[in-house]
Amino acid sequence: MVAAAALASTTGAAVARIPDIVRMDAHSLSAAIATRKLSCVEVMTAYLDHIAAFNPKVNAIVALQDREGLLAQARERDTQLARGEILGPLHGFPHAVKDLQPVKGIRSTSGSPILKDFVPTHDSLFVERLRAGGAIFIGKTNVPEFGLGSHTYNPVYGATHNAYDQSKSAGGSSGGSAVALALRMLPVADGTDYGGSLRNPAGWNNVYGFRTSFGVVPVEGSDVWLPSMSVAGPMARSVSDLALLLSVQAGYDPRAPLSVEGTGSRFLAPLGADFKAKRIGWLGDLGGFAPYEPGVLEVCRAALKSFESLGCKVEEVVPDHPLEAVWQAFIKIRAWQQGTGLAIYEADPAKRALLKPEAIWEVDEGRKLSGYDISAASVVRTAWSNAVAALFRHYDFLVMPTAQVFPFDIGETWPHQIAGHPMQTYHEWMKATCLVTMSGSPSLAVPAGFSANGLPMGLQIIGPMHHEMDCLKLGFAYEQATGWTARRLPALLEG
């Protein structure tokens, strides 16, 4: 157990390097703004100055808006406060939206040269909620092209560098969000997750990310009845801040008719809980199904001791299920869902020439599939989700790493082998995390620790369907026991 005093010992050069305002957690910042102890102009100024100092080193925030315009918006937020009006818990927060979501008036590229000049005239549903909660949009966070792959680089803005080692990948597709958080350039961040896009970058940058059950965070789309396996969710530097942002993001919306009834306010409930005798199943490498870079499993196994210190009983579990069939079903479902959205670009020869190979591959693979193929893959997915649900009759939670490798060299496109095992597709190196997606379970990414070379790794806390609060409560207890984000700052902040 790490004592609070030990966590507070990360002072000196590192803390002195970070301005007081950007060091504040989101809860404290929200309260300081609401009580007018801090003005929104002061907050905006501090963050913009901090971004100017650090963003050029990592390229996490893109499409940064004009400083004077942002300060004008901050002044308007202060005027609202003076009238006794507060929009929500994000009132006056500088916020950069992941560049897969349209934001009215801000260039929204999805990392593609096809959309490099696209300026939306409307917010997405997801962005509407952030704006209604009081956020001021300062720009976007960088992504891979069309969100494809768990490595953030694209021909529009270039690559985003890992917060802890600028020669390494930030992960993706929410790589810009994770790095901006780790370097204290945003108080909270949003993201989306199909095959690990909230979880892998969180793990690789020593922050938190939460893939919630489908429907918890409503997302509109061109097809609301056969929706994507992708979900939207929060990222933060603490579990309580994660819950704060989720309270704004979550809740039913008729434009997403499969979204969950109720409001997001349920996520503001207290997070303290007793975990004595709770049962945790350690999935590890899934009985040898998923290869891991040496050191990843060791870092995560060491993190299991923190759960034991909370009174949890941890034991290894191997799912009794044909996992290769689940992986092959994932490939088919993803090709159908991703290829459908990309086909309009691929059909135009001029635009096809601007697509990266992985995008064309998804379209080509999707075209090979019949409706019967998709239905069969969905049946496999259902059998797998039922098998995972059966595990939860024996375990309260499941845990496994957020990635199969540590952050790799930023110049690589994706790992082509892991521990001597060749990867057949651009996303196979994330297949263990993709199986969690296929289960439908909520998965909270928490920091697990660091490699011998100082590279971060994360751990997924996986709960039964719609047990988001249970995941948050265990994550909160784990955070109190470990304190990784608070006590292990990026070296850039110490320079």
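Here the residue index of a chain counts from 1 through its sequence in written order. At least 70 in pLDDT is required for a residue's local features to be given in this predicted model, at least 80 for side-chain atom pairs to be given and counted, and no such filter applies to totals for whole chains, interfaces and linings, which use all residues. For side-chain calculations, the full set of non-hydrogen atoms in the structure is used, while hydrogens and water are omitted.

Trainee: When you look at a nonpolar patch on the surface in this model, what are you seeing that I'm missing?
Mentor: Taken together, the side chains of Phe 214, Trp 225, Leu 226 and Leu 258 make up a nonpolar region of the molecular surface, amounting to roughly 440 Å² of accessible area. By the criteria applied, helices consist of DSSP H or I runs no shorter than four residues and strands consist of E runs no shorter than two, each listed in order from the N terminus. Mapped onto the elements of the fold, Trp 225 is located in the loop between strand E5 (208–211) and strand E6 (231–236). Grouping into patches uses exposed residues only, defined as over 30% relative accessible area, and leaves out salt-bridged ones; the cut-off is 9 Å for like charges and 5 Å for nonpolar side chains (Val, Leu, Ile, Met, Phe, Trp, Tyr). Only the protein chains shown count as cover for residues, with accessible areas throughout obtained via the Shrake-Rupley method and a probe of 1.4 Å. By definition, a salt bridge exists where a carboxyl oxygen of Asp or Glu is found within 4 Å of a side-chain nitrogen of Lys or Arg.

Trainee: Teacher, can you tell me more about the nonpolar core here?
Mentor: Side chains of nonpolar character tend, in soluble globular proteins, to be buried together. Formed by 157 residues in total, the largest nonpolar core has its most connected members in Met 185, Phe 307, Leu 398, Trp 429, Leu 459, Leu 472 and Leu 474. Beyond its immediate sequence surroundings of up to four residues, Leu 472 is in contact with Phe 210, Val 239, Leu 242, Ala 243, Leu 246, Phe 267, Leu 271 and Leu 444. Definition of nonpolar core: a set of buried residues of the types Ala, Val, Leu, Ile, Met, Phe, Trp, Tyr and Cys, connected through side-chain atoms within 4.5 Å. Each residue gets one of three labels from its accessible area relative to the maximum for its type: buried under 20%, exposed over 50%, partly exposed in between, using a 1.4 Å probe on protein chains only. In what follows, residue pairs with any heavy atoms lying within 4.5 Å of each other are defined as contacts.

Trainee: Honestly, the pairing of E5 in this entry has me stumped. Any pointers?
Mentor: One face of the sheet, then the other: side chains in a regular strand alternate in exactly this way. The alternating pattern of E5 places Tyr 208 and Phe 210 on one face and Gly 209 and Arg 211 on the opposite face, and all of these are buried. Pairing between E5 and strand E12 (residues 443–450): 3 bridges, direction antiparallel. Within the sheet, the bridge partner assigned to Arg 211 lies in E12 and is Ser 443. Strand pairing is assigned whenever DSSP identifies at least 2 bridges connecting the two strands.

Trainee: Would you mind showing me how to read the packing of aromatic side chains here?
Mentor: Any pair of aromatic rings gets described here by the distance separating the centres and the angle formed by the planes. Only Phe, Tyr and Trp rings take part, Trp by its six-membered ring, and two of them pair if their centres are within 6.5 Å. Stacked means planes under 30 degrees apart, edge-to-face means over 60, and tilted covers everything else. Going through the model one piece at a time under the given rule, you end up with 11 aromatic pairs. Considering the side-chain rings of Phe 275 and Phe 397, the 6.3 Å spacing of their centres and the 55 degrees angle between planes classify their relative orientation as tilted. Of this pair, Phe 275 sits in the loop between helix H10 (239–249) and strand E7 (279–282) while Phe 397 sits in strand E9 (residues 397–401); the two residues are 122 residues apart in sequence, bridging distant segments of the chain. Each member of the pair, Phe 275 as well as Phe 397, carries the same accessibility label: buried. Judged by centre distance (6.0 Å) and plane angle (85 degrees), the rings of Trp 361 and Tyr 426 are edge-to-face. Taken together, the positions of Trp 361 in helix H14 (residues 357–367) and Tyr 426 in the loop between strand E11 (421–422) and helix H16 (431–439) put the pair 65 residues apart, joining distant regions of the chain. According to the relative accessible area criterion, Trp 361 is partly exposed, its value standing at 27%. Members of the aromatic cluster, each reached through a chain of ring pairs, are Tyr 164, Phe 450 and Trp 484. We call a charge positioned over a ring when the NZ of a Lys or the CZ of an Arg lies within 6 Å of the ring centre and within 35 degrees of the ring normal. Directly above the ring of Tyr 194 sits Arg 334, whose terminal nitrogen or CZ lies 4.8 Å from the centroid. The positively charged end of Arg 487 is found above the aromatic ring belonging to Trp 484, 4.2 Å away from the centroid.

Trainee: Any chance you could explain the environment of Gly 149 here in plain terms?
Mentor: Assignment of secondary structure puts Gly 149 in the loop between strand E3 (136–141) and helix H8 (175–182). Residues Gly 149 and Leu 245, 96 residues apart in the sequence, show an inter-C-alpha distance of 25 Å. With residues up to four places along the chain from it excluded, the contact list for Gly 149 reads Pro 144, Gly 172, Ser 173, Arg 334 and Tyr 426.

Remember, this is a structural readout, not a statement about activity or role.
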